[in-house]
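Descriptive structure summary
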Amino acid sequence: MHRQPVSAVRPAMRAPISTLPARRRSLRAFVAVAAALALAGACAASASATVALCDVPIPMSDGIVLRANIYLPSTTGHFPTVLTVTGYNKNAGSPTGECANSASQGIAGDEPALAEKGFAVMVVDDRGTGDSGGKWDSWGARTQQDYKEVLDWIQAEPWSNRSVATTGGSYMGITSLLIAEADAARVKEGKPRAVKAVWADIPMADAYRDVTFQGGSVDTGFIPLWLGLVNVLSDLPPADASANPQEAATIYIEHLLGGAEFSGEHIVGASLGEEAAYDGPFYRLRSPVVRAGEITVPVVITGGWWDLFQRGEPLLWESLKNSKDRVLFMSPHYHITQGPAYERPNIKEEWFSHWLKGTANGVQTTPKVNLYPINGTHWEHLTRFPVPNTKYQRLYLSGESSGSAPLSVHDGSMVKTPPASEAGDTAPLLPASSPCSRETAQWTAGAAADSVCATSNNTYEASSLTYTTPPLGAETKLTGLITANLWAKLSTTDGTLVAVLSEVEPNGNSNQITAGFLQASQRALDPALGTYSPHHVLIRPWHPFTKESQQAVTPEEATEYNIEIYPTGVIVPAGDRLRLTIGTANTFTGTPTLPTLGQELGGTITVLHGAAHDSYVQLPIAP
């Protein structure tokens, strides 16, 4: 069986546009020397046969002016627009504002070279970023109103044929969906539809669950890097500072104040356990998945099995119920690394050509779900996700030693039938864990991935409870949604639960496949929002994560915890084992709020199994 190690998934400056060859730049710019790299490395070859319009003003109804770089074909006419809205400063790679010299917008957006194919390519700085005025509010209500007005502006321009495709990776993938949702609202207001197609690479679905918190803990792996990237690039002086110093100074001050205000009010407040620590209207407004059902145009969602938004990318596809031409790509890569190329190398350009120009290229027949499994050798084409005819198998936790994890706090087993008698295994609730794990690699967007820790969770397991199967007698394919249902006793009123699924090679190396997280006090479920199999088995639990749903743990009382483990696609070779690791911390990945951390310190967890308290992991066995 061919294995694809992390080292084989080639790092790149361009964020993975799933699996496809046209890839944009992403967080590597900030992680590997922040703004300096973005400034020094983004000037690309000159675009030819295009007309470049730099820092074009787009006035908003509240008096703020957004700025855009626009690339038009050299011929006259009316063109469809490929639109990217960025928070990463469209001129970061060309700080003097010479957008005509950049055939790519670098970290900020898409390729102006599409203008050579007959498109108008437009990259807009989000409110409060780059050369646009105002304060950045991370997709707040005023910013989403901007998206409506930008579409109005495009449809009124003499070079526009009034049709738009939205696109971008990461931040820009999120705006691609939010713009399409804003356009759906415009249509309800009686305005002509603008957005005819979407291509969103590695976007989040849920602003609370996918990016800011993990199971109720603050995402301290990615959030500081992301806020740093947005603020550093936005705090660069505007590109036209020398020509318009007074306006540039005003914009610069607004950016500094906006970034500080957002970081202070929401991130610091969340860490202190204030209102921002809980899901609610603030996060719902910024979550594309909430209104994804309003999008009716064709949409591509691309993602990665180790991406930051691994959880949300398949969920977005599922939620686009009214887009009959929705397509999902998932493959093994991090946020800033590339996955395997798709069989159709020019599919993105063909997507735009078909839906905006009516080109008969057959791209509308692209399979709805396209998955490249971890350890796989080719793309698999399916009709739905979760995959039809999946069998959900429970493997029960047992205290009996597997003989495969001598360094863990307790080396238990996973078995097909529940143990007859009840027992429990105890571990300390720790404030920290080994950072040498794929968790650290994944939640730093792949920036911390190396050839050792990213493919071995053994040191992480040394402070955890492990439960491992015997060697598998046959190759096993897991595709879809996973849950860990644990019965446990805590000696405290709260605790952090981390559930990691790994494949264990014959040499003992434990390679993480996927993971899930839950604060014990946020264990409440909303059955109406959970996901169920055709046989009514809960396959994706939904935790409200609200202040009202939070409930302190009763110490030493047996309590059930349903942990959502993020979806995956993996082929586990015969002879390998499967392992579920239960940890109590995930350093550099997630940190409990300070009040929660205070409740955990010095406590223990006892994972129960057998009799009335069967603990198990539920796996999606692919057909």
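In every chain, residue numbers begin from 1 and rise along the written sequence. Selection of residues for local features in this predicted model requires a pLDDT of at least 70, selection of side-chain atom pairs for listing and counting requires 80 or more, and totals for whole chains, interfaces and linings are taken over all residues. As a convention, hydrogens and water are excluded, and side-chain values are obtained from all of the structure's heavy atoms.

**Quick word on the confidence of the model for the protein**
Convention followed: Scored from 0 to 100, pLDDT reflects the predictor's confidence in each residue. We call two residues contacting when some pair of their heavy atoms lies within 4.5 Å.
Residues of the protein with pLDDT of at least 70 account for 82%, and the chain-wide mean is 86. Note that pLDDT drops below 50 for residues 1–48; the model gives that stretch 162 contacts with residues more than four away or on any other chain.

**A closer look at the side chain of Q214**
Defined as follows: To qualify as a helix, a DSSP run of H or I must reach at least 4 residues; to qualify as a strand, a run of E must reach at least 2; elements of each kind are numbered from the N terminus. Exposure categories follow from relative accessible area, calculated using a 1.4 Å probe and restricted to protein chains: below 20% of the type maximum is buried, above 50% is exposed, and the middle band is partly exposed.
Relative to the elements of secondary structure, Q214 occurs in strand β9 (residues 213–214). The buried category is assigned to Q214, whose relative accessible area is 3%. Ignoring sequence-local partners within four residues, the contact set of Q214 consists of D219, W443, F517, Y566, N586, T589 and G590.

**Things to note about the sheet that holds strand β13 (residues 369–371)**
In plain terms, the rule: Between any two strands, at least two bridges found by DSSP are needed for them to pair. Helix axes are fitted to C-alpha atoms over the stretch in contact, other axes to C-alpha atoms as well, and angles between N-to-C directions run from 0 to 180 degrees.
With mixed pairing, the 10 strands of this open sheet are ordered in space as β3-β4-β6-β5-β7-β8-β11-β12-β13-β14. Unpaired on one side and paired on the other, β3 (50–59) and β14 (380–382) mark the two borders of the sheet. Each neighbouring strand pair of the sheet contributes to a mean axis angle of 20°, computed without reference to strand direction. On top of the sheet, helix α9 (residues 312–319) reaches β11 (299–304), β12 (326–331) and β13; it is set at about 165° to β12, its chief contact.

**With respect to the state of the cysteines**
To keep it simple, the criterion reads: Cysteine sulfur atoms are paired as a disulfide whenever they come within 2.5 Å of each other.
For the structure on display, the rule yields one disulfide. Residue pairing for C436: its cysteine sulfur links by disulfide to C453, the two sulfurs lying 1.9 Å apart. Negative torsions about the S-S bond denote left-handed disulfides, and the value of about -100° found for C436 with C453 makes this one left-handed. Here the residue C436 occupies a position in the loop between β17 (423–428) and α11 (438–443), and C453 occupies one in the loop between α11 and α12 (458–461), the gap between them amounting to 17 residues. Accessibility assignment for this pair places C436 and C453 in one class, buried.

**Overview of the pattern of salt bridges**
Applied cut-off: Salt bridge criterion: a side-chain nitrogen from Lys or Arg within 4 Å of a carboxyl oxygen from Asp or Glu.
All chains considered together, the criterion is met by 24 salt bridges. Residue R291 pairs with E181 through a salt bridge whose shortest N-O separation is 3.5 Å. Of this pair, R291 sits in the loop between α8 (281–285) and β11 while E181 sits in helix α4 (residues 171–188), and the two are 110 residues apart along the sequence. No difference in accessibility class separates R291 from E181, as the two residues are buried. Its salt-bridge partner being E318, residue R540 comes within 2.7 Å of it at the nearest N-O pair. Here R540, found in strand β23 (residues 538–540), pairs with E318, found in helix α9; they are 222 residues apart in sequence, far enough to count as distant. An identical accessibility class is assigned to R540 and E318; each is buried. Salt bridges sharing partners connect three or more residues here, namely D62, R127, R142, D146 and E149.

**Points about unusual backbone geometry**
Backbone torsion omega between F385 and P386 reads -5°, so that peptide bond is classified as cis. Positionally, P386 belongs in the loop between β14 and β15 (391–398). At N389, a position not held by glycine, the phi torsion is positive, near 65°. By secondary structure assignment, the location of N389 is in the loop between β14 and β15. Even without being a glycine, H536 presents a positive backbone phi close to 65°. Along the chain, H536 turns up in the loop between β22 (531–532) and β23.

**Points about the nonpolar core**
Note the cut-off: Among the buried residues, those of types Ala, Val, Leu, Ile, Met, Phe, Trp, Tyr and Cys that are joined through side-chain atoms within 4.5 Å form a nonpolar core.
Judged by nonpolar contacts, the single largest core of 120 residues is most densely connected at L83, M122, W159, L580 and L619. For this core, the leading source of residues is α4, giving eight residues. If near-sequence neighbours (up to four positions away) are discounted, L619 is found in contact with K391, Y392, Q393, L395, L478, I482, L501 and L578. With 21 residues, the next largest nonpolar core counts V82, A165, V327 and L356 among its residues.

**Remarks on α9**
Think of an α-helix as turning once every 3.6 residues; residues three or four places apart then point the same way. Burial of α9 is extensive: eight of the eight residues sit out of reach of the surface. Those residues of α9 that fall on the buried side of the exposure criterion are G312, E313, P314, L315, L316, W317, E318 and S319.

**So, empty space enclosed by the protein**
Inclusion rule: Cavities and pockets were defined on a 1 Å grid built over protein atoms only: a cavity is a set of grid points that admits a 1.4 Å probe from which the probe cannot escape, a pocket is an open set flanked by protein on both sides within 12 Å along at least five of seven lines, and lining residues are those with an atom within 4 Å of any such point. Grid points are joined across faces, edges and corners, and a volume is the space filled by probe spheres set on the points. Each residue gets one of three labels, nonpolar for Ala, Val, Leu, Ile, Met, Phe, Trp, Tyr, Cys and Pro, charged for Asp, Glu, Lys and Arg, and polar for the others, Gly among them.
Tallied over the entire structure, the rule returns eight cavities of 30 Å³ or more. Here the second largest cavity defines a volume of roughly 100 Å³. Counting residues per element, the lining of the second largest cavity draws most heavily on strand β24 (residues 559–572), which supplies three residues. Of the residues assigned to the lining of the second largest cavity, the class counts are six nonpolar, two polar and three charged.

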